[in-house]
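As a plain string of letters, each chain reads:
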Amino acid sequence: MQSVAINNVADISVIVGYFLCVVGVGVWSMFRTNRGTVGGYFLAGRSMTWWPVGASLFASNIGSGHFVGLAGTGAASGIAVGGFEWNALFIVLLLGWVFVPVYLTAGVITMPGYLKKRFGGSRISLYLSVISLFLYIFTKISVDMFSGAVFIQQALGWNIYISVIALLIITALYTITGGLAALMYTDTVQTFVIIAGACVLTGFSFSEVGGYSELVRRYPLSLPVNRSSLDPERYHVAPLCYTPRADAFSLLRDASTGDLPWPGVLLGIAIVGGWYWCTDQVIVQRCLAARSLTDVKAGCILCGYLKVLPMFLMVFPGMISRVLYPDEVGCVVPELCRQVCGTEVGCSNIAYPKLVVTIMPNGLRGLLLAVMLAALMSSLASIFNSSSTLFTLDIWTRLRPRATERELLIVGRVWVLCIVAVSICWIPVVQASQSGQLFDYIQSVCSYLAPPIAAVFLLAVFIKRVNEKGAFWGLMGGLLMGLSRMIPEFWFGTGSCVFPSGCPRIICGVHYLHFGILLFSCTCVLVLLISSCSEPIPDKHLYRLVFSLRYSKEPRIDLDETEETGETAVENEEEESGICSVISRFCGDNGSKTHPSEPSTNEKPPLPDISENPVFKLTVDVNALIMMTAAVFMWGYYA
């Protein structure tokens, strides 16, 4: 049983004050914005300026999984995991300068909706909706819930499932009631809390270890005292399992023996990052809520600058935790590891929580718990909102094509409760995967499923010749390749240094980042090959749907346009009961009875405007160059 580390008035006061602040901002934004329409609830009325866009992008990305996962992998193997963060400095520029202009001119709310307009038909968009929801549940929601619970378990001694349920009640409350605007405003507050608290812990950590030079000197010496097998007949603990890596302070590592080989770090991370930053609903939805394209770009720049920080605020503190507590964070004997953290595959995931509850003084310890809760809730709330957007607009509308706007808003909120239940059931799998290194689990699953999606989006945006047949069969072929690797890995288990996996080397011997490169390349070839052997899509269907035609003014004939038939949905016009009326008002329902696709007039909507103010445009372009220069310097310095 964990001892309760946060049980004093100062810590509890800070935590309560934080919750009151977040709830206050959420309530203010709920009444400030229109939540009674699909556009108001899911896209914040497209009214957000650059600073909440950038802050929300960062807060949505930096969940508690980053604090626990980055610090844990840093403790286990060094700084190479920081490459996932610094790679984003380049990818967010692709998002703002290449992909979002196309999404805006396409006039879409969801990413499956873009593919439906681009290729026509319904099978591609349906597949993307389903696979995206799958990835949300198994790589995002369950991971964030688990990592947040690990932290609370270390701090308060609560049972991991009690911790999860307590967090979900708070998060789901303002997600379901507030819509995207409430999330983006609370994300802005939580970004400041996350950065301020993490900076405080980093300062205390470096002070405790004696500075950066002492970290470099002491990290290779951080061996656990207890490293002999308690059951020699059952297993043997090799020195490789408990000795820190010699290349711990290098970003680019050997292509064959490195735990994160340099080809995978440079190319594999870029492919998975391209999927996440440029095609994932959680991220793109925040950009689509911006009031102009320049605000989108400025928000991406702000997010990019903030993404410099995780290496210093999470990875290095994780390594310091290994130095200060080698017997617990560097635990290697399975029986002892189970006593320390509840799992036999290693305890590196407790690196960050261990620092917080051990070296922080009263009051500041409460601040750091608030930071973790901020990261967890901002990330979870973003995923809840985006997954409900996908399910409601891309799946439910297929089942109920004449659903009213009010019905869609209710369905979106109920869906949040469903995915929470499934995610809780998946937590034990997350706990035991990838030798206890949470970040490796996330990236491995994404490397098996995301590259085909990244390939199809990239080709769809840049190459007009790609058609529906090529895209669909490319996705199917890529899915089969990915599952052929992922299923055996989960079936045999990823194993650990002490208990290696039984997965055949011919299947699991290729590093997951290298597999992602191979999967992306094969998907691209398959899409282009099948597209070139079938009929192209005429330009009249592609105006403002591909990058080269984003400024075109010609009228576009959408491939997914169909004649609306059947009777108009009929709503019961009876007056609501008092309780229903109160619930509707609390959720922002204005009682709309119209179908969301019904226009208010017979006039054609104006073409989307992606024009930019020249001065503002020049400012963000200059900042983009500065950010890329800084990124190249940091990569070179730590390579």
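Higher on the page you've got the structure.
Structure report, in brief. (Residues numbered from 1 in each chain as written. Predicted model: local features only at pLDDT ≥ 70, side-chain atom pairs only at ≥ 80, totals over all residues. Heavy atoms only, no water.)

1. Observations concerning the packing of aromatic side chains
What counts, and what does not: Stacked, tilted and edge-to-face are the three classes applied to pairs of Phe, Tyr and Trp rings, where Trp contributes its six-membered ring and a pair requires centres within 6.5 Å; stacked means planes under 30 degrees apart, edge-to-face means over 60, and tilted covers the rest. Segments assigned H or I by DSSP are reported as helices when at least four residues long, segments assigned E as strands when at least two residues long, and all are numbered from the N terminus. Residue exposure (1.4 Å probe, protein chains only): buried if accessible area is under 20% of the type maximum, exposed if over 50%, otherwise partly exposed. Only lysine NZ and arginine CZ atoms are considered, and such an atom sits over a ring when it is within 6 Å of the ring centre and within 35 degrees of the ring normal.
In the structure shown here, the tally under the stated rule is 21 aromatic pairs. Judged by centre distance (5.8 Å) and plane angle (55 degrees), the ring pair of tryptophan 86 and tyrosine 638 falls under tilted. Residue tryptophan 86 is located in helix 5 (residues 83-86), and its partner tyrosine 638 is located in helix 27 (residues 614-638); the two are separated by 552 residues in the primary sequence. Grouping residues by exposure puts tryptophan 86 and tyrosine 638 together as buried. Here the aromatic rings of phenylalanine 312 and phenylalanine 316 are separated by 5.9 Å at their centres, their planes lie at 40 degrees, and the arrangement is tilted. With a gap of four residues between them, phenylalanine 312 and phenylalanine 316 both fall in helix 15 (residues 310-324), about one helical turn apart. Residue phenylalanine 312 is classed as partly exposed on the basis of its relative accessible area of 29%. Each residue in the set Trp86, Phe206, Tyr212, Tyr219, Phe249, Phe312, Phe316, Phe633, Tyr637 and Tyr638 is aromatic and connected to the rest through ring pairs, giving one cluster. Taking the ring centre of phenylalanine 515 as reference, the NZ or CZ of arginine 485 above it sits at 5.7 Å. The lysine or arginine in question, arginine 550, covers the ring of phenylalanine 547, its NZ or CZ lying 3.8 Å from the ring centre.

2. Looking at helix 18 (residues 351-359)
Counting along an α-helix, one turn takes 3.6 residues, and residues three or four places apart therefore face a common direction. Where burial is concerned, most of helix 18 is hidden: eight out of the nine residues are buried. Within the sequence span of helix 18, burial applies to Ala351, Tyr352, Pro353, Lys354, Leu355, Val356, Val357 and Ile359.

3. Examining a nonpolar patch on the surface
Keep this limit in mind: Residues forming no salt bridge and having over 30% relative accessible area are the ones grouped into patches, like charges within 9 Å of each other and nonpolar side chains (Val, Leu, Ile, Met, Phe, Trp, Tyr) within 5 Å. Each accessible area is a Shrake-Rupley result for a 1.4 Å probe, and residues are judged covered by the shown protein chains and nothing else. By definition, a salt bridge exists where a carboxyl oxygen of Asp or Glu is found within 4 Å of a side-chain nitrogen of Lys or Arg.
A cluster of nonpolar residues, Tyr305, Leu618, Val622 and Ile626, forms a patch on the protein surface that exposes about 350 Å² of accessible area. Looking at the nonpolar patch element by element, the count peaks at three residues for helix 27. You can see leucine 618 is positioned in helix 27.

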